Amino acid sequence: MAITVQNFIKLANFYNQMAMMMSAICVEKGGIAMENYVGRFFAADTLEFVYEYGRRLMADKSITVPAEVVAVIKKFEERYKKVQNLTTPTQKPIYEMTLEEFERVMNI
């Protein structure tokens, strides 16, 4: 997939729709807090992907990124920084993690 502004907008819209659906699920399941919802790990991984895509988009000097899109990327960065401890570790299987790393990943 080529890195384009249009693709970033599609990814951002997907993430926003997914977050809205997760919120609705939490309400439907009795008002559980989002931080207790099992899907929060998937949401954090998705947010990481969308933010990284936006970061690479801004880093590509051959692409002109509108100011509105830059502002959205910055918002995704702020959100990502809040949940980056929930993302799946990169290239490190569970059996290679220390107990501390595993507990952090599982939010124990």
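Residues numbered from 1 in each chain as written. Predicted model: local features only at pLDDT ≥ 70, side-chain atom pairs only at ≥ 80, totals over all residues. Heavy atoms only, no water.

### Let's talk about the packing of helix 1 (residues 5-28) against helix 3 (residues 67-83)
(1) Moving on: Packing of helix 1 against helix 3 leaves a shortest axis separation of 11 Å and a crossing angle of 45°. Comparing their axes, helix 3 and helix 1 come out oblique. Crossing of helix 1 against helix 3: the hand is left-handed. Of helix 3, the residues touching helix 1 (which contributes Val5, Phe8, Ile9, Ala12, Tyr15 and Asn16) are Val69, Val72, Ile73, Phe76 and Arg79.
(2) Moving on: Here the contact of helix 1 with helix 3 is built from residues that sort into nine nonpolar, one polar and one charged. (Axes fitted to C-alpha atoms, helices over the stretch in contact; angles between N-to-C directions. Helix = DSSP H or I, 4+ residues; strand = E, 2+ residues; numbered from the N terminus. Parallel < 35°, antiparallel > 145°, perpendicular 65-115°, else oblique. Left-handed = near helix turned anticlockwise from the far one by under 90°. Contact = heavy atoms within 4.5 Å. Nonpolar A, V, L, I, M, F, W, Y, C, P; charged D, E, K, R; others polar.)

### Details of the pattern of salt bridges
(1) Moving on: Taken as a whole and assessed by the stated rule, the structure comprises three salt bridges.
(2) Moving on: Here Glu77 and Lys81 are joined by a salt bridge, their closest N and O atoms 3.5 Å apart. With Glu77 and Lys81 both in helix 3 and four residues apart, this pair spans about one turn of that helix.
(3) Moving on: The exposure class assigned to Lys81 is exposed, which follows from its relative accessible area of 54%.
(4) Moving on: It is possible to trace a salt-bridge network through shared partners that takes in Glu52, Arg55 and Arg56. (Salt bridge = Lys/Arg side-chain N within 4 Å of Asp/Glu carboxyl O. Buried < 20%, exposed > 50% of the residue type's maximum accessible area, 1.4 Å probe, protein only.)

Without other data, these values stay purely geometric and don't point to any function.
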